[in-house]
Amino acid sequence: MDITTLVNLTSRAWCLSILAALNAGTPGRQAPLLAATQASRTSFRASLDHLIDIGLLERNPGHGHPLRPEFRLTPAGAEAAQMARKIIKAVPNADEFALLRKSWSVPVLALTQTPQRFSIMKTKLHRVTDRALSASLLQLEEGELIQRDINLSERRPYPTYCAINAGREVGHAVGLNF
């Protein structure tokens, strides 16, 4: 998966949970998926619509009532669903996973499998603002998913960020292609 696709996928809070639930065998109707993800209806619907818009989900033609449609994974969605399930397995604690539902958390963890500077991450995450990246790094550091180190080998010291603990597992689950 490339970084642009990952950023787009994780831009809605419940996309990873929906994909993982479908990968685990949850029926592709709204009620079972809502129960599996424990999302609010509004957030769930926005995430579901987003997954359809980006081509990872589609309505199952010929199945389901028009008012209670059934959804299925597209081929690209099946790959993303496997990745989502690996991410959820890496962070089974609901409180820790709440941090991964935030927009930039998973892309930042994917980029920090090796130590990265702030400016390099900002360049690779095209649309991220300085403020959003700083907040994400701080939250991930507080959640003990990223470690901040100061590199003193240069004339001017600078911080680097590297995924640790479950953050490293999340990054491996994503498997970014550069």
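Details of the structure are given in the entry above.
The paragraphs below set out a description of the structure included in this document. (Residues numbered from 1 in each chain as written. Predicted model: local features only at pLDDT ≥ 70, side-chain atom pairs only at ≥ 80, totals over all residues. Heavy atoms only, no water.)

**Notes on the overall build of the chain**
A count of helical and extended segments in the chain gives 10 helices and four strands. Sequence-ordered secondary structure for the chain, helices as α and strands as β, is α-α-α-α-β-β-α-α-α-α-α-β-β-α. In terms of principal-axis extent, the alpha carbons of the chain reach across some 65 × 30 × 25 Å. For the chain, the residues scored as buried account for 42% of the 178 residues in total. In the chain, of all internal contacts separated by at least 6 residues, the share reaching a separation of at least 24 is 58%. Taking the average place of the 21 positive charges on the side chains of the chain and the average place of its 15 negative ones, the gap between the two points comes to 4 Å. (Helix = DSSP H or I, 4+ residues; strand = E, 2+ residues; numbered from the N terminus. Buried < 20%, exposed > 50% of the residue type's maximum accessible area, 1.4 Å probe, protein only. Contact = heavy atoms within 4.5 Å. Lys, Arg positive; Asp, Glu negative; His and termini not counted. Charge placed at Lys NZ, Arg CZ, Asp CG, Glu CD.)

**A few points about the layout of surface pockets**
Space inside the largest pocket adds up to approximately 260 Å³. Taken together, 14 residues make up the lining of the largest pocket; nearest its centre are S17, T37, A94, F97 and R101. Looking at the lining of the largest pocket, the elements with two or more residues in it are α2 (15–23), α3 (30–37) and α6 (94–100). Ranked by residue count, the leading element in the lining of the largest pocket is α2, at three residues. Its residues assigned to classes, the lining of the largest pocket comprises nine nonpolar, four polar and one charged. Empty space within the second largest pocket amounts to approximately 210 Å³. Looking at the second largest pocket, the residues that line it are M1, T5, L9, L56, A76, E79, A80, Q82, M83, K86, A173 and V174. Where the lining of the second largest pocket is concerned, the elements lending two or more residues are α1 (3–9), α5 (75–90) and α10 (166–174). Of the residues assigned to the lining of the second largest pocket, the class counts are eight nonpolar, two polar and two charged. (1 Å grid on protein atoms, 1.4 Å probe; cavity = no way out; pocket = protein on both sides within 12 Å on 5 of 7 lines; lining within 4 Å. Points joined across faces, edges and corners; volume = space filled by probe spheres on them. Nonpolar A, V, L, I, M, F, W, Y, C, P; charged D, E, K, R; others polar.)

**Section: the nonpolar core**
Generally speaking, nonpolar side chains in soluble globular proteins are found buried as a group. The biggest cluster of nonpolar side chains holds 52 residues, and the ones touching the most others in it are L9, I18, I87, L100, V108 and L125. In terms of residues, this core owes the most to one element, α2, which gives seven residues. Contact partners of L100, with chain neighbours within four places excluded, come to I87, V91, S105, V106, L109, L145 and V170. (Core = buried A, V, L, I, M, F, W, Y, C linked by side-chain atoms within 4.5 Å.)

**A few points about unusual backbone geometry**
Phi at E144 is positive, roughly 55°, even though this residue is not glycine. Mapped onto the elements of the fold, E144 is located in the loop between α9 (130–142) and β3 (146–151). Assessed through its relative accessible area of 54%, E144 is described here as exposed. Positive phi values are uncommon outside glycine, yet N165 reaches one of about 50°. Take N165: it is sitting in the loop between β4 (158–163) and α10.

**Quick look at α10**
A turn of α-helix holds 3.6 residues, and therefore any two residues three or four places apart point the same way. Within the sequence span of α10, burial applies to A166, G167, V170, G171, A173 and V174. Mapping the buried residues of α10 onto a view down its axis gives an arc of 160°, with all of them on the same face. Looking at the buried residues of α10, the elements they touch are α1, α5, α6, α7 (105–111) and β4. A positive backbone phi angle near 60° is found at G175, which sits one or two residues after α10. (Arc of directions from axis to C-beta.)

These figures come from the coordinates and say nothing about function on their own.
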